[in-house]
Structures are given as structure tokens and as C-alpha cells.
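So you can see what is in the structure, the chains are spelled out below.
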Amino acid sequence: MTVTGRTILFGILLLIVASCVVLVPSARAQASNPNVATESGHPASGHAFDVKAAVDAYLATIPAEKRARSDAYFEGGYWLQLWDFLSIVVAMWILLRLRWSAWMRDVAERVTRFKALQTALYWVQFALVVAVLIFPLTVYEGFFREHKYGLSNQSFGQWMRDQVVGLAVTLVLGAILLVVLFGLVRRVGKNWWVWGSVVSLIFTAFVVLIAPVFISPLFNTYTKLADPRIREPILSLARANGIPATDVYVFDESRQSDRVSANVSGFAGTLRISLNDNLLKRCSLAGIESTMGHEMGHYVLNHVFKGLVLNGIVMVLTFVLLS
């Protein structure tokens, strides 16, 4: 692999990992704090609903120490996004400085003469080594800190199982993407960044498409919500807002935490409305509808597609700089 090739590779890998650092905490933030009350009511009919006044009134009912604890958790999470990014940068510096990257390249080239397989083998080595290097921060952030704030129900073994599954998914998807990207680098020459940006954006959309059906079920069990008393109001709300869903799914997040959460994920044929079992157990019907209304708002306001567009802009700018 040439110096230019290694530069492109590390730029792409940095982009991929940095995207994960940004997106994963954002997804976590959708889950509600378990200390927050779970009842919710509707505004009186015929009267304008003052959102700020309602929020202020609700916050006034929460004890000061619980608000401070919640603020500390979320504000600390913002700082952790920075530390996550810096830890990746340090890990990549180590790979280059100690020539581990060159050694992994040589191993891949000795194992096979096929360029595509060399790229895939390099990626597998790279991802495993980086996972080990950043593991201390990962275990603090994902296990010890979550237990400190009472947000995790998992033993260390259960938590590690989810980490291994997530790493396996990363290995497979990352190998597919990088094989295609480096195939483009070899074939289209100096214009690789144009096609690379297009392929990366299409690949990101593909992952969003398949995630509800093929990725999320690796971590939780999804079943169709059978209770029509809860299902029908949710589907009615979906139809009223142009969401073409025919079922509502429940997933067992209680195996991981006591958080209440829900989401509208996927698009086209994989679109799913999902809520976790904690939401069903802890909230009234009004509370469930309120939570689902919030999540449906993300879909109605096209936040997924806007996120893809923003991600695409970052990809283009990064690839331009690398080229």
C-alpha cells in the first residue's frame, strides 16, 4: 500500500469512527432518564398549549438533587464525545508511530494476493486493535458510568456480550465498505473522492435501511404489540402524520436498563415503530402516546434524511481534503 493509500485509508477510518462517536451518543440520548416521571397528559381541548410553561411546571416538581444528577450525566456525556474522538486519534497515532499498521498490511499481503481480501483482512486487524486500545474508555463509559448513575441492569458478562456483537457487526460492515472504497481508489484514480463520497452515502443509507430488521434484533428481541388498546391509538397517530406503518413492535430493553424509550426507524419496506417494554410497564396510555408523538416527530420532520445529507456533506469535505 502506497503512502497515499495509507493516508486515504486512515482518513476514511477516522471519518467512520468519528461518525460513530457522534451518532451513538445521540441515539442514547433519546432514552429517558428513569428518574423522570412517566405520566403525561393532553392539553385541554380548545386551549393553546404553552410548551415552555408546561416544561417549567414539570421541572419544578423534580427535586433539585435529581435535576443536578441528571444534568451531570448528560453534560458529562457531551465531554465524553470529545474524549471518544481523541482516544481514536491517539490509537491511530500509535498504529502509525509503532508501525503496527505497516505490520498488519504486510500480514494481509502475505495471507492473500487478492487486493479486496487484503483490504478486508487489514480492516479486521485494525478494528480489533483499536477496540483493544480504547477499551478502558469504552468500559468506563458504557459499563461503570452507567452503573454509577443507576442506568444499567447488565452484569459485566452481559454487557460484554453486546460489545462483542457490536464489534462483529462493525467488522462485517466496515470490511464491505472499505473493499468497495479501495476498489474505487484503484480504478478511478484522482476522481476517487467523488465516487467515494457517493458510495459512502449510499452505504450509510443502506445501513439505516437494514438496521431495524437485521441489526437491532441482534441486541434485543422484537415482538409485535398485541394489545389493541395501545396499538391502535399509536397506529392512528401514525396514519394522521403520514407514517405508513402497519404494526407496532416491542423490544426488551429491560434486559439492559430501566430507561423508557421508543423510535421510528428504517424507511421504505423496513420502517418500524418500536417502543420498549419499560415504556409499557411504567407509563399510562397518555404517556405512551406522548412519547410516540415525539418520536414520530423525528420521522415527520425528516430528521433521518437530513442527518444523511449532513453526513454526506462531511464525507465530501473529508474526501476532498484527503484527495
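Before reading on, note that the structure itself is shown above.
Not measured: the values here are computed from a predicted model.

Asks: Which parts of the structure should I look at to understand helix α3 (residues 64-97)?
Replies: Along an α-helix, a turn takes 3.6 residues, which lines up residues three or four apart on a common side. The terminal C-alpha atoms of α3, which comprises 34 residues, lie 49 Å apart, in line with the 50 Å expected from a rise of 1.5 Å per residue. Within the span of α3, buried status applies to S70, Y73, L80, D84, S87, I88, A91, M92 and L95. A positive backbone phi angle near 60° is found at R99, which sits one or two residues after α3.

Asks: Can you help me understand the pairing of strand β4 (residues 272-276) in this one?
Replies: Consecutive side chains along a regular strand alternate between the two faces of the sheet. Buried residues dominate β4, accounting for five of its five residues. Where burial is concerned, the two faces of β4 agree: the one with R272, S274 and N276 and the one with I273 and L275 are both buried. As judged from the four bridges shared by strand β2 (residues 248-251) and β4, these two strands associate in the parallel manner. Bridge pairing in β4 links Y249 to S274. Relative to β4, strand β3 (residues 262-265) runs antiparallel, the two sharing four bridges. In the sheet register, N263 faces β4, and the bridge partner there is S274. Two successive antiparallel strands, β3 and β4, enclose a turn made up of six residues, where G266 displays a positive phi of approximately 75°.

Asks: What is the right way to look at the packing of helix α5 (residues 115-133) against helix α7 (residues 156-188) in this model?
Replies: How two helices pack is summed up by the angle between their axes together with the distance between the axes. Across the interface, α5 lies against α7 with an axial gap of 8 Å and an inter-helix angle of 140°. Considering the angle they form, α5 stands oblique to α7. In the crossing of α5 with α7, the sense of the turn from one axis to the other is right-handed. Contact residues: α5 offers K115, A116, T119, A120, W123, V124, A127, L128 and A131, while α7 offers L167, T170, L171, G174, A175, L178, V179, F182 and R186. Each residue belonging to the contact of α5 with α7 can be placed in one class, and the counts come to 13 nonpolar, three polar and two charged.

Asks: Where do I start with a nonpolar patch on the surface in this structure?
Replies: Together, W79, L82, W83, F85, L86 and V89 make up a nonpolar patch on the protein surface, roughly 580 Å² of accessible area in all. In this structure, V89 sits in helix α3.

Asks: I tried to follow the packing of aromatic side chains on my own but got confused; where do I start?
Replies: When we look at a pair of aromatic rings, we describe it by the centre distance and by the angle of the planes. Throughout the structure, instances matching the rule amount to 13 aromatic pairs. Measuring from ring centre to ring centre gives 5.2 Å for Y73 and F74, while their planes differ by 85°; the resulting arrangement is edge-to-face. Residue Y73 is classed as buried on the basis of its relative accessible area of 8%. With a centroid separation of 5.1 Å and an interplanar angle of 65°, the aromatic rings of Y73 and Y149 are classed as edge-to-face. With Y73 in helix α3 and Y149 in the loop between α6 (135-148) and α7, this pair connects stretches of sequence that are 76 residues apart. Members of the aromatic cluster, joined through ring pairs, are F135, F143, F144, F156 and W159.

Asks: Please clarify how the environment of N278 should be interpreted in this entry.
Replies: Of note, N278 is situated in helix α10 (residues 277-282). A relative accessible area of 4% means that N278 is categorised as buried. Spatially, the C-alpha atom of N278 lies 9.1 Å from that of F251, the residues being 27 residues apart in sequence. Apart from the residues within four sequence positions on either side, N278 is in contact with E253, S254, S257, D258, R259 and V260. A polar side-chain atom of N278 sits 2.7 Å from the main-chain carbonyl oxygen of R259.

Asks: What is the right way to read α7 from this model?
Replies: Helix length check: α7, at 33 residues, gives a terminal C-alpha distance of 47 Å against a target of 48 Å (1.5 Å per residue), a fit within 8%. Among the residues trailing α7, G189 stands out with phi positive, at a value near 65°.

Asks: Just to check I follow, could you spell out empty space enclosed by the protein for this structure?
Replies: It is the rolling of a water-molecule-sized probe over the atoms that shows where space remains empty. Enumeration according to the criterion identifies three cavities of 30 Å³ or more in this entry. Empty space within the second largest cavity amounts to approximately 50 Å³. As for the second largest cavity, its lining consists of V264, G266, H298, Y299, N302, H303, V304 and F305. Sorting the residues of the lining of the second largest cavity by element identifies α11 (285-300) and α12 (303-322) as the ones contributing at least two each. Top contributing element to the lining of the second largest cavity by residue count: α12, with three residues. The residue makeup of the lining of the second largest cavity, split by class, is four nonpolar, four polar and no charged.

Rules used throughout
Residues numbered from 1 in each chain as written. Predicted model: local features only at pLDDT ≥ 70, side-chain atom pairs only at ≥ 80, totals over all residues. Heavy atoms only, no water. Helix = DSSP H or I, 4+ residues; strand = E, 2+ residues; numbered from the N terminus. Expected span 1.5 Å × (residues − 1). Buried < 20%, exposed > 50% of the residue type's maximum accessible area, 1.4 Å probe, protein only. Pairing = 2+ DSSP bridges. Axes fitted to C-alpha atoms, helices over the stretch in contact; angles between N-to-C directions. Parallel < 35°, antiparallel > 145°, perpendicular 65-115°, else oblique. Left-handed = near helix turned anticlockwise from the far one by under 90°. Contact = heavy atoms within 4.5 Å. Nonpolar A, V, L, I, M, F, W, Y, C, P; charged D, E, K, R; others polar. Patch = residues over 30% accessible without salt bridge, like charges linked within 9 Å, V, L, I, M, F, W, Y side chains within 5 Å. Areas by Shrake-Rupley, 256 points an atom, 1.4 Å probe, with all protein chains shown as cover. Salt bridge = Lys/Arg side-chain N within 4 Å of Asp/Glu carboxyl O. Phe/Tyr/Trp six-rings, centres within 6.5 Å; stacked < 30°, edge-to-face > 60°. Polar contact = N/O pair within 3.5 Å; in protein donor to acceptor, adjacent residues only side chain to side chain. 1 Å grid on protein atoms, 1.4 Å probe; cavity = no way out; pocket = protein on both sides within 12 Å on 5 of 7 lines; lining within 4 Å. Points joined across faces, edges and corners; volume = space filled by probe spheres on them.

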